[in-house]
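# Fold and contact review
The primary structure of each chain is shown beneath.
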Amino acid sequence: MYARLEETLKFAAKYWGRDPRGQIESYVVEDLDNWSDAELPLRLARVIVSGVGGATVPRAVGTGSRTRNVPTVFASSRPGVAEHEIVHAYCTQTFGSTGPEWYREGMAEMVVRGCTRESGV
């Protein structure tokens, strides 16, 4: 999983021409039954992982003009889910936002699939 996430981040950095800015906090869960609600780092983590499979949750850090979005990934271990969310986290961390929904979701899928113009995408 770690290798797949690193490869996804490398692809995103190459595509957008910017290296990731720092580490991305990520929680990837294989079996939610092994975790109590108290052990999960976010109250909604169970709903996110069991419902949609994953989400990137940004939180504002800093004050005034020095405020920036810091993303946290919550994802199931199903192939492609954490990779999809790591693209959202990369964009949040690098650019401050992920853009409109159509762009955000399309780009996350494109990066996860390793699509390039050369591949016809």
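This section reports on the structure supplied with the text. (Residues numbered from 1 in each chain as written. Predicted model: local features only at pLDDT ≥ 70, side-chain atom pairs only at ≥ 80, totals over all residues. Heavy atoms only, no water.)

Along the protein chain, the regular secondary structure elements total four helices and three strands. Each helix and strand of the protein chain, placed in order from N terminus to C terminus, yields the pattern α-β-α-β-β-α-α. Compactness check: the protein chain gives a C-alpha radius of gyration of 15 Å against a globular reference of 14 Å for 121 residues, within 12% of the reference. Seen through its principal axes, the protein chain has C-alpha atoms that stretch 45 × 40 × 25 Å. (Helix = DSSP H or I, 4+ residues; strand = E, 2+ residues; numbered from the N terminus. Rg over C-alpha atoms; globule rule 2.2 N^0.38 Å.)

In the contact formed by helix α1 (residues 2–16) and helix α4 (residues 101–112), the axes pass within 10 Å of each other and the chain directions differ by 120 degrees. Comparing their axes, α4 and α1 come out oblique. Here α1 and α4 pass one another in a crossing that is right-handed. Contacts between α1 and α4 involve Thr8, Phe11, Ala12, Tyr15 and Trp16 from the first element and Tyr103, Met107, Met110 and Val111 from the second. (Axes fitted to C-alpha atoms, helices over the stretch in contact; angles between N-to-C directions. Parallel < 35°, antiparallel > 145°, perpendicular 65-115°, else oblique. Left-handed = near helix turned anticlockwise from the far one by under 90°. Contact = heavy atoms within 4.5 Å.)

Now for the pattern of salt bridges. All chains considered together, the criterion is met by four salt bridges. Residue Arg4 pairs with Glu83 through a salt bridge whose shortest N-O separation is 2.5 Å. With a gap of 79 residues between them, Arg4 in helix α1 and Glu83 in helix α3 (residues 81–95) connect regions that are remote in the sequence. With a relative accessible area of 36%, Arg4 lands in the partly exposed category. Of the charged contacts, one joins Glu105 and Arg104 as a salt bridge, the two residues approaching to 3.8 Å between their closest N and O atoms. The exposure class of Glu105 is partly exposed, given its relative accessible area of 31%. (Salt bridge = Lys/Arg side-chain N within 4 Å of Asp/Glu carboxyl O. Buried < 20%, exposed > 50% of the residue type's maximum accessible area, 1.4 Å probe, protein only.)

What follows is about the side chain of His88. With respect to the helices and strands, His88 occurs in helix α3. Residue contacts for His88: discarding those within four places in its chain leaves Thr56, Thr98, Arg104, Glu105 and Ala108.

What follows deals with the pairing of strand β2 (residues 54–61). Across eight bridges, β2 lies against strand β3 (residues 68–76) in antiparallel orientation. Of the residues in β3, the one forming a bridge with Ala60 is Asn69. Where β2 folds back onto β3 in an antiparallel hairpin, the turn is made up of six residues, including Gly62, whose phi is positive at roughly 100 degrees. (Pairing = 2+ DSSP bridges.)

A few words on a positive patch on the surface. Together, Arg18, Arg21, Arg59 and Arg68 give the surface a local cluster of positive charge. Mapped onto the secondary structure, Arg21 falls in the loop between α1 and β1 (25–29). Its relative accessible area of 54% is what places Arg21 among the exposed residues. (Patch = residues over 30% accessible without salt bridge, like charges linked within 9 Å, V, L, I, M, F, W, Y side chains within 5 Å. Areas by Shrake-Rupley, 256 points an atom, 1.4 Å probe, with all protein chains shown as cover. Lys, Arg positive; Asp, Glu negative; His and termini not counted. Charge placed at Lys NZ, Arg CZ, Asp CG, Glu CD.)

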